[in-house]
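An overview of the molecular structure
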Amino acid sequence: MSLFFLLMLFPMVMVFRYSVLDGAILKPSPEFVGLANFRTIFSDPVFVQSIGNTLYFTVMSVVFHLLIGLLFALMLNSNRVNHILRAILRVLFILPWLFTAVIIAIVWRLILDPNGVVNGYLIALNIIDQKIEWFSSTATAIHALTFVNIWAGYPLYMVSLLAGLQGIPKELYEAASLDGANGPNKLWFITLPQLFPIIISIALLDFIWTMQVFPLVWMTTGGGPINTTEMLSTYTYKLAFTRYQFSAAAASAVVIFFFSMILTYFYIMHQRRMRQR
Amino acid sequence: MDQPARKKLDLATIGVHLGLAVGLVFAGFPVLWMLFSSLKSNTEIFSLPPKILPDVFSLSAYTSIFSDPVKVRFFINSYFVAGTVTLLTLLLATLAAYSFSRYRFRFKSTFNVLIISTQTVPPITLLIPYFGMVVAFKIFDTYFALVLTYLVFTLPYAILLMTGFLNTLPKELDEAVLIDGGTSWTALWRVLVPLSVPGIVATAVYTFLLAWNEFLFALTLTKSMELRTVPIGIQLLMGQHAFEWNEMMAMSVLGSLPLLLLYLLAQRYFLAGMTAGSVTN
């Protein structure tokens, strides 16, 4: 237990300390500079841009993870489909989840290569006549990256919502049928309200985890072209380990920590409320 | 009256099947493309119009990986680090979980909140002080640095999972062992652990996945080729052999193998381990 505190809480204290020092790690006796490091990063346009990018990437990812995960869960739970087929598809639809971020990154780099299969089909079908450089054009990079992350992340929702769907009491649907409710009515007034607590839990966690994205970005765009996919995590990493500005990096790391903890607070509150019911 | 209703029903059925077909392509195509590209020649991967199946199935990308000791080493490292972290996590988490579930202590709910918070602390925030500490303790570029830092991430949740599991086993079991002259130690290892195999497997899967997939710490806390794990190895090879796509895809297939096997062999535990963290209560 004490080891745990040593390895988790002590580093947190250290990173806060670094963030108010000048030349942390590098200088033998760094001096206290107050909030100067925070002023430095907030006046850096790339940092401000990386907040915007992270926000766009995260919000789009969470929304589409939820939509796709919910849609797939509903389809896989539908009794219009043969149950053996459903069992097989349940296994296959989880596939994206079984791959490491780095592997997802390079597989999609191959697929979205300018000479790759996506451009190949789009040209063969006469949809485009110029090869699109998905990951290296400023117009498409952030969207391509977000798309890949959407592909990689929906199964968590799908699996959890499938479990949730199976937990909804059948009597609710039977009662609704007696009252003359149709399919969309049941979805809107029974299924979604019943799934709502699960959706909130997972969306909050997903938001926190997606905000911290690193390997996927590092391995596809590296933050480029011209910072259009720079995220808070890649910005911080570069500050620390390619420019060796550990103090400014610590300040940026504290900002990420702060965002995460605000959301964690909401998550814990939500969990408490669910337990009290 | 009956006719339009049935027609509408059929439309919905067709719609669901169409949706599932689109979903299958969306989920499965990238995976198929990875697998088939690893069996193609480099020119064939980029043939126009694209061909899904290789003309000749060739294992040359795989044989060239297995004959390169540097690449084989990436796999050995990943298995070694993930395996060690998993064993240590199971051992420490079982001991900690036992004391949490069997002995009353204060601040229990505070502790739960702390554990949940550790799930959401950004790794990049911890990376900077860890880097400083690892350099200061002279364990930079060692397996030890990786194992130790991974334990910090795996242990809290593993303890929570195992505590939850041990709580489902009645205390009368331990008491029976004590009455028969055993100690709490024998009660734990002879009775409780064998009964908790499902919980242990789920915890092991969760831990193994985390360690196998980890990228940021492996990238920063090691430096020499002999210590690099598979994700970092792939990243380095991308820089050097960016045009040998079949070999990169073969690396990816081999790097995904343990997770695919775990999933196929222990689906139920796998899902329990994967959703760990999101379905707390």
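Residues numbered from 1 in each chain as written. Chains lettered and ligands numbered in written order. Predicted model: local features only at pLDDT ≥ 70, side-chain atom pairs only at ≥ 80, totals over all residues. Heavy atoms only, no water.

Attention shifts here to the overall build of chain A. Per the secondary structure count, chain A includes 12 helices and two strands. Each helix and strand of chain A, placed in order from N terminus to C terminus, yields the pattern α-β-β-α-α-α-α-α-α-α-α-α-α-α. Each principal axis of the C-alpha distribution contributes one length, and for chain A these read about 75 × 60 × 30 Å. Burial analysis of chain A (277 residues in total) assigns 54% to the buried set. (Helix = DSSP H or I, 4+ residues; strand = E, 2+ residues; numbered from the N terminus. Buried < 20%, exposed > 50% of the residue type's maximum accessible area, 1.4 Å probe, protein only.)

All names here are of chain B. Relative to the 16 Å expected for 12 residues at 1.5 Å per residue, helix H9 (residues 184-195) spans 15 Å between its end C-alpha atoms, a close match to the ideal helical length. Along H9, the residues classified as buried are Ala-187, Leu-188, Leu-192 and Val-193. When H9 is viewed along its axis, its buried side chains cluster within an angular range of 140 degrees and face the same direction. Contacts from the buried residues of H9 go to helix H4 (69-102), helix H7 (143-167), helix H8 (172-179) and helix H10 (197-213). (Expected span 1.5 Å × (residues − 1). Arc of directions from axis to C-beta. Contact = heavy atoms within 4.5 Å.)

This brings us to the interface of chain A and chain B. Tallying the contact residues gives 83 residues for chain A and 77 residues for chain B. Here chain A meets chain B over a buried area of about 7100 Å², counting both sides, of which 82% is carbon and sulfur. Looking only at chain A, the three residues that lose the most surface to chain B are Arg80(A), Leu98(A) and Leu110(A), adding up to 10% of its buried area. The tally of links between chain A and chain B comes to seven residue pairs in polar contact (both at pLDDT 80 or more). Of the residues contributing to the side of chain A that touches chain B, the split by class is 64 nonpolar, 13 polar and six charged. (Buried area = accessible area lost by both parts, 1.4 Å probe. Polar contact = N/O pair within 3.5 Å; in protein donor to acceptor, adjacent residues only side chain to side chain. Nonpolar A, V, L, I, M, F, W, Y, C, P; charged D, E, K, R; others polar.)

Further remarks concern the confidence of the model for chain A. Summarising the model, chain A shows a mean pLDDT of 90, and 98% of its residues fall at 70 or more. Taken element by element, chain A is modelled with least confidence in helix H1 (residues 2-19) of chain A, mean pLDDT 81, and with most confidence in helix H3 (residues 45-76) of chain A, mean pLDDT 96. (pLDDT = per-residue confidence, 0-100.)

With that settled, consider empty space enclosed by the protein. Taken as a whole, this structure holds three cavities of 30 Å³ or more when the rule is applied. Taken as a whole, the largest cavity spans an internal volume of roughly 1400 Å³. Along the walls of the largest cavity sit 41 residues, with Ala101(A), Trp209(A), Pro215(A), Leu210(B) and Asn213(B) positioned nearest its centre. Residues belonging to the lining of the largest cavity are distributed by class as follows: 28 nonpolar, 11 polar and two charged. For the second largest cavity, the calculated volume is near 50 Å³. (1 Å grid on protein atoms, 1.4 Å probe; cavity = no way out; pocket = protein on both sides within 12 Å on 5 of 7 lines; lining within 4 Å. Points joined across faces, edges and corners; volume = space filled by probe spheres on them.)

Our next topic: the side chain of Ser101(B). Tracing the sequence through the fold places Ser101(B) in helix H4. Setting aside residues up to four positions removed in sequence, Ser101(B) forms contacts with Thr163(B), Leu166(B), Asn167(B) and Lys171(B).

Residues and elements named next belong to chain A. The N-to-C vectors of helix H9 (residues 183-211) and helix H12 (residues 246-276) enclose an angle of 160 degrees; their axes lie 10 Å apart at closest approach. Classed by the angle they form, the pair H9 and H12 counts as roughly antiparallel. As for the relative orientation of H9 and H12, their crossing is left-handed in sense. Two secondary-structure elements touch here, H9 through Pro-197, Ile-200, Ser-201, Leu-204, Leu-205, Phe-207, Ile-208 and Met-211 and H12 through Phe-259, Ser-260, Leu-263, Thr-264, Phe-266, Tyr-267, His-270, Gln-271 and Met-274. When its residues are assigned to classes, the contact of H9 with H12 shows 12 nonpolar, five polar and no charged. (Axes fitted to C-alpha atoms, helices over the stretch in contact; angles between N-to-C directions. Parallel < 35°, antiparallel > 145°, perpendicular 65-115°, else oblique. Left-handed = near helix turned anticlockwise from the far one by under 90°.)

Further remarks concern the environment of Ser260(A). Relative to the helices and strands, Ser260(A) is located in helix H12. For Ser260(A), a relative accessible area of 0% corresponds to the buried category. A sequence separation of 14 residues divides Ser260(A) from Met274(A), and the C-alpha atoms of the two residues are 21 Å apart. In this structure, Ser260(A) is in contact with Ile208(A), Met211(A), Gln212(A), Thr120(B) and Pro122(B), ignoring residues within four places of it in sequence.

A cluster of nonpolar side chains, contributed by Tyr121(A), Leu125(A), Ile127(A), Ile52(B), Leu53(B) and Phe57(B), occupies part of the molecular surface with about 600 Å² of accessible area. Along the chain, Ile127(A) turns up in the loop between helix H6 (117-124) and helix H7 (141-166). (Patch = residues over 30% accessible without salt bridge, like charges linked within 9 Å, V, L, I, M, F, W, Y side chains within 5 Å. Areas by Shrake-Rupley, 256 points an atom, 1.4 Å probe, with all protein chains shown as cover. Salt bridge = Lys/Arg side-chain N within 4 Å of Asp/Glu carboxyl O.)

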